[in-house]
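# Close look at the chain arrangement
Here are the chains, one letter per residue:
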Amino acid sequence: MVEQAPALTEVGAGLQIAPNGGRVLDALGVSVPGVDSQAVHLIDGPSGARLIRMPLGAGFRLIHRADLIGALAARAGDLDIPVRLDTPVTAVEDAAMRLEGGRRIAFRRLVGADGVRGASRAFVAPDHPARFTGQVAWRAIVPVDDWPAEAQVHVGPGRHLVCYPLRDGRALNIVAVEERTAWVAEGWSQDDDPANLRRAFAGFARPIRDVLDRVERVNLWGLMDHGATPRWTRGACTAIGDAAHPTLPFLAQGANLGLEDAWTLAASLDDPAGWERARRPRVTRALAAAAGNARNYHLTGLRRAAGHAALRLADRVNPSAPMRGYAWLYDHDVTAD
Ligand SMILES: Cc1cc2nc3c(=O)[nH]c(=O)nc-3n(C[C@H](O)[C@H](O)[C@H](O)COP(=O)(O)OP(=O)(O)OC[C@H]3O[C@@H](n4cnc5c(N)ncnc54)[C@H](O)[C@@H]3O)c2cc1C
């Protein structure tokens, strides 16, 4: 395995691992410390009023990316899987990877898990366009004393903020999304001034403003829609995870789908075309559901009033019902297939 980073560290950010991804970690014997999420709690951002608190079953974990990477690396070590760090791949070719300095590593099969800007995607789906979605996302982690073990989604016109606790509730992970017309370059670590984040959510209720006052460092992304990548395999290279199907973060499934990809492809390395045929409908459905959430979170005017009234009613009558609509996603067990 080759990795461009000189060390297996990860800039601070959280991940929600759902049961469908967690089953893969369990089957691999990878144990990641985290917080068990009890619910998804939708809150009206400006007033701070509860819309619906949807209880979750077992297996929804709130983890730090660094802890996931550390646990995967430790397991790779247990299994004697060599990991070559500090090895950026500059290009993938038909049967070889080209490294910085021009060196080539030949391969019989390559699994490209190098993300949306990696060399595998450039080889497998060259010229596949990316479109700015009109949304930017800030990501930050702040220290907290105590926070409920749930994912909170604070929604407002044209913006929403997701927050959840990490590491025994001592840190709060924040993802804040705002609609914009201006384009921001896509990347993982673009610094921004925390004042811009505070300004964007100045109309939200006090608890969120208090949390944002504590942000000292924040990164900003322009969220891009890559659509369905036309193919995931070219020659002996198969892309998985974000390299194959970059996912908007509004369903918290990108990493989960990547875990599923890895497990299922491992059993089909001799038949990547068959793997892609079997896998594509599920991935396409998840991508569409994520895009739909973006619209629902940012409603304005009458549609917002009607949508929120329906959520409040569901909260009183049957708060578990909306999550049951995602049984196709969370209950699926690729390790049992
Ligand atoms: C704001 C936000 C919140 C999110 N929240 C969630 C969530 O809660 N749950 C969830 O499941 N998903 C979430 N996601 C999505 C998730 O982060 C991605 O889908 C996931 O990280 C993709 O994993 P990957 O391994 O395919 O790619 P990446 O995580 O991008 O990893 C690619 C790896 O390849 C390496 N690499 C890249 N290029 C090269 C090269 N040329 N040579 C060698 N190595 C290379 C990189 O250094 C990196 O280690 C979120 C995304 C965003 C933007």
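Residues numbered from 1 in each chain as written. Predicted model: local features only at pLDDT ≥ 70, side-chain atom pairs only at ≥ 80, totals over all residues. Heavy atoms only, no water.

### Regarding the site of the ligand
Quick reminder of the rule: For this description, a residue counts as near a given molecule or strand if any of its non-hydrogen atoms is within 4 Å of it. Counted as a polar contact is a pair of N or O atoms within 3.5 Å, where, for protein atoms, one must be capable of donating a hydrogen and the other of accepting one, and residues adjacent in sequence contribute only when both atoms are in side chains. Accessible surface area values rest on a Shrake-Rupley calculation with a 1.4 Å probe, where residue burial reflects the displayed protein chains alone. Going along the chain from the N terminus, every DSSP run of H or I of four or more residues is numbered as a helix, and every run of E of two or more is numbered as a strand. The nonpolar class holds Ala, Val, Leu, Ile, Met, Phe, Trp, Tyr, Cys and Pro. Asp, Glu, Lys and Arg form the charged class, and all remaining residues, Gly among them, are polar. Residue ranges labeled as domains rest on an automatic or database domain assignment.
Lining the immediate environment of the ligand, one finds 24 residues, of which Glu3, Gln16, Arg65, Asp242 and Ala255 sit closest. Interatomic distance of 2.8 Å between a side-chain N/O atom of Arg65 and an oxygen atom of the ligand. Relative to its unbound accessible area of 1,000 Å², the ligand is 83% covered by the protein chains. Elements represented by at least two residues in the shell around the ligand include exactly strand S1 (14-17) and helix H6 (254-266). Looking at the shell around the ligand residue by residue, the classes come out as 10 nonpolar, 9 polar and 5 charged. Both domains that meet at the shell around the ligand, namely domain 1 (14-127 + 235-295 + 320-336) and domain 2 (131-225), each give it at least three residues.

### Here we look at the pairing of strand S15 (residues 218-225)
The condition that has to hold: Note on classification: 1.4 Å probe, protein chains only; a residue is buried when its accessible area is under 20% of the maximum for its type, exposed when over 50%, partly exposed between these limits. Strand pairing requires that DSSP identify at least two bridges connecting the strands.
Buried residues dominate S15, accounting for 7 of its 8 residues. One ladder, built from 7 bridges, connects strand S10 (residues 131-143) with S15; its direction is antiparallel. Within S15, the residue paired with Val136 across the bridge is Gly222. Relative to S15, strand S14 (residues 191-192) runs antiparallel, the two being bridged by 2 bridges.

### Details of H6
Rules: Multiplying one less than the number of residues by 1.5 Å gives the expected span of a helix. Throughout, a residue-residue contact means that at least one pair of heavy atoms, one from each residue, lies within 4.5 Å.
Compared with the 18 Å implied by 1.5 Å per residue over 13 residues, the 18 Å span of H6 between its first and last C-alpha is a close match. Listing the buried residues of H6 in full gives Gly254, Asn256, Leu257, Gly258, Leu259, Glu260, Asp261, Thr264 and Leu265. Of the surrounding secondary structure, the elements contacted by the buried residues of H6 are S1, helix H1 (19-28), strand S9 (110-112), strand S17 (237-239) and helix H7 (272-297).

### Quick word on the pairing of strand S4 (residues 50-55)
Pairing of strand S3 (residues 39-44) with S4, which is carried by 5 bridges, proceeds in the antiparallel orientation. Its bridge partner being in S4, Val40 is matched across the sheet by Met54. Remark: 5 residues form the turn of the hairpin made by S3 and S4, two consecutive strands paired antiparallel; Gly48 in that turn has positive phi of roughly 80 degrees.

### Describing the domain arrangement of the protein
How we decide: Buried area: the accessible area, evaluated with a 1.4 Å probe, that two parts lose upon being put together, summed over both parts. In the sections that follow, a salt bridge refers to a side-chain nitrogen of Lys or Arg positioned within 4 Å of a carboxyl oxygen of Asp or Glu.
One can read the domain layout of the protein as domain 1 (14-127 + 235-295 + 320-336) and domain 2 (131-225). Taken over C-alpha atoms, the centre of domain 1 sits 22 Å from the centre of domain 2. On the side of domain 2, 31 residues touch domain 1, which itself brings 31 residues to the contact. It is Gly14, Ile43 and Phe250 that lose the most area in domain 1 upon contact with domain 2, and together they represent 19% of the buried surface on that side. Between Arg167 and Asp67 there is a salt bridge whose closest N-O contact spans 2.8 Å. Between the two partners, domain 1 and domain 2, sit 14 residue pairs in polar contact (both at pLDDT 80 or more). Secondary structure elements with two or more residues in the side of domain 1 that touches domain 2: S1, strand S2 (35-36), S3, S4, strand S5 (61-64) and helix H2 (65-78). In terms of residue count, S3 provides more of the side of domain 1 that touches domain 2 than any other element does, 6 residues in total. Of the residues contributing to the side of domain 1 that touches domain 2, the split by class is 16 nonpolar, 9 polar and 6 charged.

### A short note on the pattern of salt bridges
The full count for this structure, using the stated rule, is 18 salt bridges. Of the charged contacts, one joins Arg104 and Glu93 as a salt bridge, the two residues approaching to 3.5 Å between their closest N and O atoms. Linking Arg104 in strand S8 (residues 104-106) with Glu93 in the loop between strand S6 (89-92) and strand S7 (96-99), this pair joins segments that are 11 residues apart in sequence. The network of salt bridges with shared partners includes Glu260, Asp261, Arg279 and Arg282.

### Things to note about the side chain of Gln253
Structurally, the position occupied by Gln253 is in the loop between S17 and H6. Take Gln253: its relative accessible area is 1%, and that puts it in the buried class. For Gln253, the side chain forms a polar contact with the side chain of Asn20, separated by 2.9 Å. Not counting chain neighbours up to four residues away, the residues in contact with Gln253 comprise Ala18, Asn20, Leu329 and Tyr330.

### Here's the deal with H7
Each turn of an α-helix holds 3.6 residues, which means side chains three or four residues apart point in the same direction. For the record, the criterion: Note that bend, as reported per residue, equals the angle between axes fitted to the 7 residues terminating at that residue and the 7 residues originating from it.
Compared with the 38 Å implied by 1.5 Å per residue over 26 residues, the 36 Å span of H7 between its first and last C-alpha is a close match. The largest bend in H7 amounts to roughly 40 degrees and is located at Arg279, with the proline Pro281 lying one to four residues further along.

### Some remarks on the sheet that holds S6
Heads up, the rule is: Here an angle of 0 to 180 degrees is reported between the N-to-C directions of two axes, which are lines fitted to C-alpha atoms, with helices fitted over the stretch in contact.
A sheet is described by the order of its strands in space; here 3 strands give the open sequence S6-S7-S8, paired in antiparallel fashion. The open sheet terminates on both sides in strands that have one partner only, identified here as S6 and S8. Neighbour-to-neighbour, the strand axes of the sheet open up by a mean angle of 25 degrees, direction not taken into account. Across 3 bridges, the pairing between S7 and S8 is antiparallel. Paired with Met97 across the bridge in S8 is Ile105.

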